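Coordinate inspection notes
Residue strings, one per chain:
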Amino acid sequence: MKVTYEVEKAAREMISASCDTMDQEDFGAYLALCAPEFQYAIRVYSPEIRRDMTWLEKDYEHMKTLLDLLPKQNRDRNPIKRHISVREVTSTNGKEEVTVRSDLQVYRVLLDGGEAQVFAIGKYTDRIDMSGDEPKLLEREVRLDSRSLGAGYHIPF
Amino acid sequence: MARTAEEWRKRPELDSNLIVDPRIYTDPEIFREEQECIFDKSWLVACHESEMPEPYDFRTYQHPGGHNIILVRDENNNINAMLNICPHRGNLLIYEPSGSIKGASPSGGPKRITCLFHAWAFDATGECVDIPRCAEGYQDRVKKEDYGLRGVKVEVGYGGFVWVNMDENAPTLKEWLGGSLDAIDDTLTEPLEVFHYHRAVIDGNFKMWHDTNSEFYHDYMHYHNRITGMMHPGYWDREYRTFEGGHAQVTDMQLKYESFKGHEKRELGWPGLAPGRWALVDLFPGITFNIRAPSMRLDTAIPLGHNKVLVEFRGLGLKSDTPEERAIRIRDHNSIWGPFGRNLPEDLLGTYGQGRALSDPTDAPYVLHARLEGNKIHDEVGMRHFLERWQELVGRDPSDPYHNQPRAAE
Ligand code: FES
Ligand SMILES: [Fe+2]
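Residues numbered from 1 in each chain as written. Chains lettered and ligands numbered in written order. Predicted model: local features only at pLDDT ≥ 70, side-chain atom pairs only at ≥ 80, totals over all residues. Heavy atoms only, no water.

What follows is about helix α9 (residues 381-394) of chain B. All names here are of chain B. When the terminal C-alpha atoms of α9 are compared, their 20 Å separation across 14 residues agrees well with the 20 Å that a helix rising 1.5 Å per residue should span. Residues of α9 that are buried: V381, G382, M383, R384, H385, F386, L387, W390 and V394. The secondary structure elements touched by the buried residues of α9 are β1 (19-20), α2 (28-37), α5 (206-213), β13 (240-243) and β14 (247-250). Following α9 by one or two positions, G395 adopts a phi angle in the positive range, close to 80 degrees. (Helix = DSSP H or I, 4+ residues; strand = E, 2+ residues; numbered from the N terminus. Expected span 1.5 Å × (residues − 1). Buried < 20%, exposed > 50% of the residue type's maximum accessible area, 1.4 Å probe, protein only. Contact = heavy atoms within 4.5 Å.)

Attention shifts here to the domain arrangement of chain B. Many structure descriptions define interface size as the accessible area lost when the parts assemble. All names here are of chain B. By the assigned domains, chain B splits into domain 1 (44-154) and domain 2 (191-394). Tallying the contact residues gives twelve residues for domain 1 and 16 residues for domain 2. Summed over both sides, the interface between domain 1 and domain 2 buries roughly 1,000 Å², with carbon and sulfur atoms accounting for 60% of that surface. Here domain 1 and domain 2 share two salt bridges between them. Across the pair E51 and R314 runs a salt bridge, and its minimum N-O distance is 2.6 Å. The interface formed by domain 1 and domain 2 holds three residue pairs in polar contact (both at pLDDT 80 or more) in total. When residues in the side of domain 1 that touches domain 2 are grouped by element, the largest group, five residues, is from strand β2 (residues 44-48). A class-by-class count of the residues in the side of domain 1 that touches domain 2 yields six nonpolar, three polar and three charged. (Domains from an automatic or database assignment. Buried area = accessible area lost by both parts, 1.4 Å probe. Salt bridge = Lys/Arg side-chain N within 4 Å of Asp/Glu carboxyl O. Polar contact = N/O pair within 3.5 Å; in protein donor to acceptor, adjacent residues only side chain to side chain. Nonpolar A, V, L, I, M, F, W, Y, C, P; charged D, E, K, R; others polar.)

With that settled, consider the packing of α5(B) against helix α8 (residues 344-357) of chain B. Two quantities define a packed helix pair, namely the angle between the axes and the distance from one axis to the other. Residue and element names in this part refer to chain B. Between α5 and α8, whose axes approach to 9 Å, the crossing angle comes to 135 degrees. Between α5 and α8, the angle falls in the class oblique. In this structure, the crossing between α5 and α8 has a hand that is right-handed. For the pair α5 and α8, the contacting residues are M208, W209 and T212 in the first and L344, D347, L348, T351, Q354 and G355 in the second. Broken down by class, the residue content of the contact of α5 with α8 amounts to four nonpolar, four polar and one charged. (Axes fitted to C-alpha atoms, helices over the stretch in contact; angles between N-to-C directions. Parallel < 35°, antiparallel > 145°, perpendicular 65-115°, else oblique. Left-handed = near helix turned anticlockwise from the far one by under 90°.)

Our focus in this paragraph is unusual backbone geometry. Residues and elements named next belong to chain B. Residue P285 follows F284 across a cis peptide bond; omega there is 0 degrees. On the secondary structure map, P285 appears in the loop between β15 (278-283) and β16 (287-292). The amide bond that connects A293 to the next residue, P294, takes the cis arrangement and shows omega of 15 degrees. Relative to the assigned elements, P294 resides in the loop between β16 and β17 (295-305). One non-glycine residue, A119, lies in the positive phi region at around 70 degrees. As for its placement among the helices and strands, A119 is situated in the loop between β7 (113-114) and β8 (121-122).

Residues and elements named next belong to chain B. At a closest axis distance of 10 Å, the pairing of α2 and α9 adopts a crossing angle of 85 degrees. If you check the angle between α2 and α9, you find them roughly perpendicular. Of the residues in α9, those touching α2 at I30, E33, E34 and C37 are W390, L393 and V394. Counted by class, the contact of α2 with α9 contains five nonpolar, no polar and two charged residues.

Chain A puts 34 residues into the contact, and the matching count from chain B is 40 residues. For the pairing of chain A and chain B, the buried interface totals around 3,000 Å² over both sides, and the portion due to carbon and sulfur atoms is 56%. On the chain A side of the contact with chain B, A:E48, A:R50 and A:W55 bury the most area, a combined 21% of that side's loss. Across the contact surface, chain A and chain B share three salt bridges. Salt-bridge contacts for B:D57 lead to A:R50; the nearest nitrogen and oxygen are separated by 3.6 Å. For the pair chain A and chain B, the number of links is 15 residue pairs in polar contact (both at pLDDT 80 or more). When residues of the side of chain A that touches chain B are traced back to their parent elements, those giving at least two are β1 (34-46), β2 (51-59) and α3 (60-68) of chain A. The biggest single contributor to the side of chain A that touches chain B is β2(A), with seven residues.

Structure (structure tokens):
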């Protein structure tokens, strides 16, 4: 498909909404942005073992279960904020679909005192179905550049 | 009603091996003793041989005694360990965590460790092979034969792990393990490969992390473990077995993963373990072998100070895995034990919380290691057994580390 200003705008707004809903822990709204065939992965390269690693891999159903069970989890309650800068929107092989590459910065804001800390940096590569009324997220790969997350985090980026 | 300061600091009326003065976790002087009496004398896992698969591959290791170590595989496939210090003027020889010396470096030729400062060069066994303009500068006062690197005792074994010991008079690895890993040797028969590595740095003492790995009472913290373990009868039969040297094993159980909504079906096992079974050994002073079919996790605790610990986490599969099997092991490992897993961040939050709460040594209460349940799963014998060994080596009583000297606040 042709990547017009409107297509790019719709894709960018959809990605922003996916970040906002996760930041607000409104997981129902996040999942509503995803297609049923949604695939999510967090990948990282380790220079220590010189291997590419997959830190999390979920389809729609397993992502939903993970998010549904969060209230039962003891977790770091300091909220995180996902910031993105869209770098490139390209069309995918004649389909009503775009691939969007964005830079990602994740900040953590401490509940006690409000200090903002850089929590992680990386990239999103998103595949988005543009054929319906609303764009739907088909696939998200989070490619992290940073690898040190303290205790870790129960909510995906 | 809350207790007064005096009541709070009163020694509980329990046997001395059941209570701990938490200043053993927070005193910088005790930590220096631990570096010398424990870490410089223990066999520690530096890495796994699969992290340096080819001749001339290297890996570095930050030793808890404060030493920088290089591991290099030589052309005969032997792994050598040396201090990462150039004997000329003390520069670091290798700066990256991992790589190969097979090719030339900017300062020197191939198959050598060349110091980037003045280009002294060493082979993969640590022998000095070149000193630039040696005769011109040193005449015959300095010879390369006399300037090899400092070697470190190294053994490869128990699943292909690379173990080092700073003490040249240390017992063999087998003697030091006291039979603890022999108890799970049927799970370590096949060549293993590391697929996961990450670190966590936590403001807490290394013993707090090892304690968490050495007791299961904290399964109350993990929804995942309550559902897949504690709710099922085999859980309460799991038992601690202790071994000489401060090591402990927790016997196997069958986990009921189907009870945890969203878990993949487990059909893939592990050598010596049926699908969903679990083997665990905690080694003194901070290593945990943790095999929960279909994947294995290895923790190594590296204290960076009395109140800071770096924990290295490795995930392992079998070298013989098909890509499909490997993908299952990775997904399984990381859904529980990865940085975004269900359990690991909870465990680390526990250590962080202890580190923060006990950081004020003037108002430390006594803490309890007092659960006695016939060595069954919620018994705290694992932590007590660790501290018995600790007391032998450090020479302090964990319940009275200052020999009845008044507590700081009194
Ligand atoms: S310090 Fe290494 S060659 Fe001079
Ligand atoms: Fe745990």
